[in-house]
Amino acid sequence: EDQVTQSPEALRLQEGESSSLNCSYTVSGLRGLFWYRQDPGKGPEFLFTLYSAGEEKEKERLKATLTKKESFLHITAPKPEDSATYLCAVRRDSTLTFGKGTMLLVSP
Amino acid sequence: EAGVAQSPRYKIIEKRQSVAFWCNPISGHATLYWYQQILGQGPKLLIQFQNNGVVDDSQLPKDRFSAERLKGVDSTLKIQPAKLEDSAVYLCASRGTLNTEAFFGQGTRLTVV
């Protein structure tokens, strides 16, 4: 059974205080690891897809990395508008399995 | 490009009543998903369609939940009868053949009282 565990469950940062979110996974035949952002009252919004260990992708203040067992979402100098829940998901075949998410709050 | 459309946005019903949700995926997307997201949890897959055929419904509570995707485009998800524990956000997502990622709608927030 595919498993995705995200930590921490919640994270509070000051504006400009960099940090990382963790996503540990167990899946046979990984066909992609996905990061989504979810704002309150909205559906998840796609951020990144990673396919193989060592791969990295960046978008503005976010950088996602992947190893054989986990992925990190690094947030550099966050701003209040980065506050959201960040969801990690793994894909095997065509099915996505999500973690519970990390709720990030960035204070000015 | 228009996104995934869902309706209604909100629904409040009493337990044992029935309810239906509607989803219109992105044009041309063959794969359609319904997810259930309970407050504080990640989305949980209920059912996956490829065109109008079911690919995976292993986590769909079939005694009360049903879904269909006629003509391989729009989809409806029905709950009958609803239970208190069905209170959640129901998310629809679609994915095109050339896409690896799924695109989500805004969701329908269901409250069962």
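Description of the structure in this document.

Enumeration over the complete set of coordinates arrives at two disulfides over all chains. Disulfide partner of C23 of chain A: C88 of chain A, at an S-S distance of 2.0 Å. Between C23 of chain A and C88 of chain A, the S-S torsion sits near -65 degrees, and that sign places the bridge as left-handed. Here C23 of chain A is found in strand β3 (residues 19-26), whereas its partner C88 of chain A is found in strand β9 (residues 84-92), with 65 residues between them in sequence. Judged on exposure class, the residue C23 of chain A and its partner C88 of chain A are both buried. One disulfide in the model links C23 of chain B with C92 of chain B; its S-S distance is 1.9 Å. Negative torsions about the S-S bond denote left-handed disulfides, and the value of about -70 degrees found for C23 of chain B with C92 of chain B makes this one left-handed. Here C23 of chain B, found in strand β3 (residues 19-24), pairs with C92 of chain B, found in strand β9 (residues 88-95); they are 69 residues apart in sequence, far enough to count as distant. With respect to burial, C23 of chain B and C92 of chain B carry one shared label: buried.

So, on to the interface of chain B and chain A. Taken together, the contact between chain B and chain A spans 20 residues of the former and 18 residues of the latter. In total, about 1500 Å² of surface goes out of reach between chain B and chain A, with carbon and sulfur atoms giving 47% of it. For the pair chain B and chain A, the interface holds zero salt bridges. Elements that contribute at least two residues to the side of chain B that touches chain A include exactly β4 (31-37), β5 (44-50), β6 (53-56) and β9 of chain B. Of the residues assigned to the side of chain B that touches chain A, the class counts are eight nonpolar, eight polar and four charged.

Quick notes on the rules
By convention here, each chain's residues receive numbers from 1 onward along its written sequence. For naming, the first written chain is A and the first written ligand is 1, with later ones following in the order written. Residues qualify for local features only when their pLDDT is at least 70, as the model is predicted, and side-chain atom pairs are given and counted only at 80 or more; totals for whole chains, interfaces and linings, by contrast, use all residues. Side-chain numbers come from the whole structure's heavy atoms, not from hydrogens or water. Cysteine sulfur atoms are paired as a disulfide whenever they come within 2.5 Å of each other. Each helix is a run of H or I in the DSSP string that is no shorter than four residues. Each strand is a run of E no shorter than two, and both are numbered from the N terminus. Between buried and exposed lies partly exposed: a residue is buried under 20% and exposed over 50% of the maximum accessible area for its type, with that area taken using a 1.4 Å probe on protein chains only. Residues are treated as being in contact if the distance between any of their heavy atoms lies within 4.5 Å. Here the quantity called buried area is the total loss of accessible area, with a 1.4 Å probe, experienced by two parts when brought into contact, counted for both. Any Lys or Arg side-chain nitrogen found within 4 Å of a carboxyl oxygen on Asp or Glu counts as a salt bridge. Gly falls in the polar group here, along with every residue not listed as nonpolar (Ala, Val, Leu, Ile, Met, Phe, Trp, Tyr, Cys, Pro) or charged (Asp, Glu, Lys, Arg).

In short, shape yes, function no, at least from these values alone.
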